[in-house]
Every structure is written in structure tokens, then in C-alpha cells.
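# Working through the structure, step by step
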Amino acid sequence: GSFHLRVQELERAVEESHRSHVERERDAELTRMAHSRLTSQVNASRQSALELAEKKEKLQQETSKQVHELDFTKNQCRELKEHVKTAGNLMMELVEKNSELGRQLDNHKHEAQVVKKEQRELRQELVEHQQQDPLCRSSASLKQTFDLQQDRIALLEAEVEARDKKYKLLDLDNATLREE
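Notes on the structure in this doc start here. (Residues numbered from 1 in each chain as written. Predicted model: local features only at pLDDT ≥ 70, side-chain atom pairs only at ≥ 80, totals over all residues. Heavy atoms only, no water.)

### As for the overall build of the protein
For clarity, the threshold we go by: For helices the rule is a DSSP run of H or I covering at least 4 residues; for strands it is a run of E covering at least 2, with both sets numbered from the N terminus onward. The globule rule used for comparison is 2.2 Å times the number of residues to the exponent 0.38, while the radius of gyration itself is calculated over C-alpha atoms. When accessible area is computed with a 1.4 Å probe and restricted to protein chains, residues below 20% of their type maximum are described as buried, those above 50% as exposed, and intermediate ones as partly exposed. By definition in these notes, contact holds between two residues if any of their heavy atoms fall within 4.5 Å. In this tally Asp and Glu are treated as negative and Lys and Arg as positive; neither His nor the chain ends contributes. All charge positions are set by atom: Lys at NZ, Arg at CZ, Asp at CG, Glu at CD.
Counting its regular elements, the protein contains 2 helices and 0 strands. Here the C-alpha radius of gyration of the protein, 56 Å, is well above what a compact globule of 180 residues would show, namely 16 Å. In terms of its C-alpha atoms, the protein occupies a principal-axis envelope of roughly 190 × 15 × 15 Å. Out of the 180 residues in the protein, the part that is buried amounts to 12%. Residue pairs in contact within the protein that sit at least 24 positions apart in sequence constitute 80% of those at least 6 positions apart. Where the 31 positive side-chain charges of the protein centre and where its 36 negative ones centre are 3 Å apart.

What follows is the structure in C-alpha cells.
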């Protein structure tokens with residue numbers, strides 16, 4: 001009986017050992033599978049970390065570039081505002097000069113009309129005087145006055161023409177500034 005008990009014990013021990021061995025192999029296989037899974041996850045995490053680092057670097061470069069471009073654009077805007085302000089001031093000056101030249105031109109035109117009227121009156125006076133007394137000595141004086149008035153008219157007409165040209169040039173400059 002004790003031998004039989006011992007054999008049964010040994011069989012149980014072998015079974016237990018076999019079961020334990022199967023469990024260890026199964027645990028080892030599970031551990032290998034878990035290790036393989038974890039290794040794959042670690043590798044994937046490393047790859048993701050590398051990709052994220054590359055993306056971070058690219059984003060930093062893009063951000064730096066955009067900040068630089070924004071600063072450049074701000075400077076351009078500042079300069080453009082100054083140009084617009086200067087152009088506005090210039091336009092105002094040109095408008096004032098234009099108005100002043102317009103007034104001067106009107107004055108010269110009026111003065112030329114007055115001189116022409118005086119000339120007509122002097123001619124009429126000369127004609128009437130010559131009709132009354134053809135040999136009158138004052139006719140020479142009237143003739144000199146008439147010649148002086150003609151010279152004055154020619155001078156005023158030349159001034160009016162010069163101012164008119166200047167006025168047209170200012171208009172052209174003004175139009176050019178408005179286009180800019």
C-alpha cells in the first residue's frame with residue numbers, strides 16, 4: 001500500500017509538475033507576446049515622437065517665417081501710411097496753389113480786359129480827336145499812350161498764357177497724385 005501511495009503521489013507530483021510546466025510555458029508565451037506588443041508600442045511611440053519633433057520643428061520654422069513676414073508687412077504699412085500722408089499734404093498744397101493760380105489767372109484776364117477796354121476808348125478818343133483836328137499835336141501823345149497800352153496788353157496776355165500753362169501743369173500733377 002505504501003508503494004502504491006508513493007506512486008500515486010509521484011504521479012500527482014509529475015502531473016503537478018507537468019501542469020506547472022505547461023502554465024510556465026503558457027505564461028512565458030503570454031510574456032513574450034506582451035513583450036512583443038510592448039516593443040511594437042514603444043517603437044510606434046518612438047516613431048510618433050520623431051514625427052512630432054519634425055512637425056514641431058517645421059511649425060516653429062513656419063511661425064518664425066510668418067512673424068518675420070508680419071514684421072516686414074507692418075513696416076511696409078507704416079511706410080505706406082507715411083507716403084499717403086505725404087501725398088495728401090502735397091495734394092493739399094497743390095490744391096491751394098492751384099486755387100491761387102486760378103485767382104491770379106482770373107485777375108490777369110480781368111486786367112487784360114480792362115486794358116483792352118482802355119485801348120478801345122483811347123482809339124476812339126484818337127479817332128475823334130483826329131477827326132476834329134487832324135494836325136493836333138496831342139495825337140502823337142495819344143499815339144504813344146496807345147502804343148504803351150498795346151505793349152502792356154501783349155505783356156499781360158503773355159503772363160496769362162504762362163499762368164494758364166502753369167495751371168494746366170498743376171492740374172496734371174494733381175491728377176497724377178490722385179491716381180497714385
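From this point, the discussion proceeds with the structure in view.
### Digging into the environment of leucine 80
Looking at the secondary structure, you find leucine 80 in helix H1 (residues 2-132). Taking the relative accessible area as the measure of exposure, leucine 80 reaches 53% and is therefore exposed.

### Things to note about the pattern of salt bridges
Side chains that differ in charge, positive against negative, can pair when their charged atoms come close. Here is the rule: For this document, the term salt bridge refers to a Lys or Arg side-chain nitrogen within 4 Å of an Asp or Glu carboxyl oxygen.
Under the definition given, this model contains 8 salt bridges. For glutamate 9, the salt bridge goes to arginine 6, with nearest N and O atoms at 3.2 Å. With a gap of 3 residues between them, glutamate 9 and arginine 6 both fall in helix H1, about one helical turn apart. Looking at glutamate 9, the relative accessible area reads 43%, which means it is partly exposed. Under the relative-accessibility criterion, arginine 6 is labelled partly exposed at 45%. Two residues, arginine 152 and glutamate 111, come together in a salt bridge whose shortest N-O distance is 3.7 Å. With arginine 152 in helix H2 (residues 138-179) and glutamate 111 in helix H1, this pair connects stretches of sequence that are 41 residues apart. By relative accessible area, which is 33% here, glutamate 111 ends up partly exposed. A single network of salt bridges, built from pairs that share partners, joins Glu15, Glu16 and Arg19.

### A short note on a negative patch on the surface
To keep things clear, this is the line we draw: The residues that make up patches have over 30% relative accessible area and no salt bridge, and they are joined within 9 Å when like-charged or within 5 Å when they are Val, Leu, Ile, Met, Phe, Trp or Tyr. In this description, accessible areas are obtained by the Shrake-Rupley approach with a 1.4 Å probe, and a residue is regarded as covered only by the protein chains that are shown.
Together, Glu118, Glu121, Glu125 and Glu128 line one region of the surface with negative charge. Residue position: glutamate 121 is located in helix H1.

### Focus: the side chain of glutamine 149
Within the secondary structure, glutamine 149 sits in helix H2. Judged by its relative accessible area of 14%, glutamine 149 falls in the buried class. Not counting residues within four places of it along the chain, the set of residues in contact with glutamine 149 comprises Val115, Glu118 and Leu122.

### Quick look at the environment of arginine 163
Using the following cut-off: Any N or O atom pair separated by 3.5 Å or less is treated as a polar contact, with the protein-specific requirement of one donor-capable and one acceptor-capable atom, and with residues adjacent in sequence counted only for side-chain atom pairs.
When you line up the elements, arginine 163 lands in helix H2. Considering only alpha carbons, one finds arginine 163 and histidine 108, 55 residues apart in sequence, at a separation of 9.1 Å. Apart from the residues within four sequence positions on either side, arginine 163 is in contact with Leu101, Gln104, Leu105 and His108. Side-chain polar atoms of arginine 163 contact the side chain of histidine 108, separated by 3.4 Å.

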